[in-house]
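A structural walkthrough
As a plain string of letters, each chain reads:
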Amino acid sequence: MRCAAALFEERRLTLWEDLVNARLAIGEEREAVAELRQLVAQYPLRERFCEQLMLALYRSGRQGDALELFHRTRQWLDRELGLRPGVPLQRRHAEILAHDPVLSQPAVR
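These numbers come from a predicted model, not from an experiment. (Residues numbered from 1 in each chain as written. Predicted model: local features only at pLDDT ≥ 70, side-chain atom pairs only at ≥ 80, totals over all residues. Heavy atoms only, no water.)

1. Overview of helix α4 (residues 63-81)
Residues spaced three or four apart along an α-helix face the same direction, because each turn holds 3.6 residues. Selection criterion: Each helix is a run of DSSP H or I of at least 4 residues and each strand a run of E of at least 2, with the numbering of both proceeding from the N terminus. Any helix carries an expected span of 1.5 Å times its number of residues minus one. Think of it in three bands: with a 1.4 Å probe and only protein chains considered, a residue is buried below 20% of the maximum accessible area for its type, exposed above 50%, and partly exposed in between. Throughout, the arc means that of the directions going from the helix axis to the C-beta atoms. Should any heavy atoms of two residues lie within 4.5 Å, those residues are considered in contact.
Taking 1.5 Å per residue as the helical rise, α4 with its 19 residues ought to reach 27 Å, and the 27 Å between its terminal C-alpha atoms agrees with that figure. Turning to α4, its buried residues number three or more, namely Ala66, Leu67, Leu69, Phe70, Thr73 and Leu77. What you see down the axis of α4 is that its buried residues fit within an arc of 155°, all on one side. Exposed and facing more than 90 degrees away from the buried side of α4 are Asp78 and Arg79. Against α2 (29-42), α3 (47-59) and α5 (87-97) lie the buried residues of α4. Of the residues one or two after α4, Gly82 is the one with positive phi, at around 70°.

2. Some words on the pattern of salt bridges
Threshold: Definition used for salt bridges: Asp or Glu carboxyl oxygen within 4 Å of a side-chain nitrogen of Lys or Arg.
Tallied over the entire structure, the rule returns 11 salt bridges. Across the pair Arg23 and Glu35 runs a salt bridge whose closest N-O atoms are separated by 2.1 Å. Of this pair, Arg23 sits in helix α1 (residues 2-25) while Glu35 sits in helix α2, and the two are 12 residues apart along the sequence. Taking the relative accessible area as the measure of exposure, Arg23 reaches 25% and is therefore partly exposed.

3. Digging into the nonpolar core
Stated precisely, the cut-off is as follows: Definition used in this section: a nonpolar core is a set of buried Ala, Val, Leu, Ile, Met, Phe, Trp, Tyr and Cys residues joined via side-chain atoms within 4.5 Å.
Membership of the largest hydrophobic core comes to 25 residues, with the highest contact counts inside it found for Leu36, Phe49, Leu53, Met54, Leu69 and Ile96. Broken down by secondary-structure element, the contributors of at least two residues to this core are α1, α2, α3, α4 and α5. The element that contributes the greatest number of residues to this core is α3, accounting for 8 residues. With near-sequence residues (within four places) excluded, Leu53 lies in contact with Val33, Leu36, Arg37, Val40 and Leu69.

Spelled out as structure tokens, the structure:
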């Protein structure tokens, strides 16, 4: 039963990530920011939510907030788990620093 519950929770979170991707794809960045802030706080190990929030903040003209979020997440992962951010999150950080044109495209990778 516990295994089924964990699988259900993983699927639920994956669908939530997909829903946020759809919102970002249609330009609802500002609307997604509040929801993503809650998701990042509730699921700090779910780096995809952090990556999505960084994108939403960047597209909302808040590059500094996006970079600050990355640094806070990196510090938390290091302090609590002794880990570094995963490659996708590091890539998003580099894209934001470089003002990569891919960030302006409607489709989220």
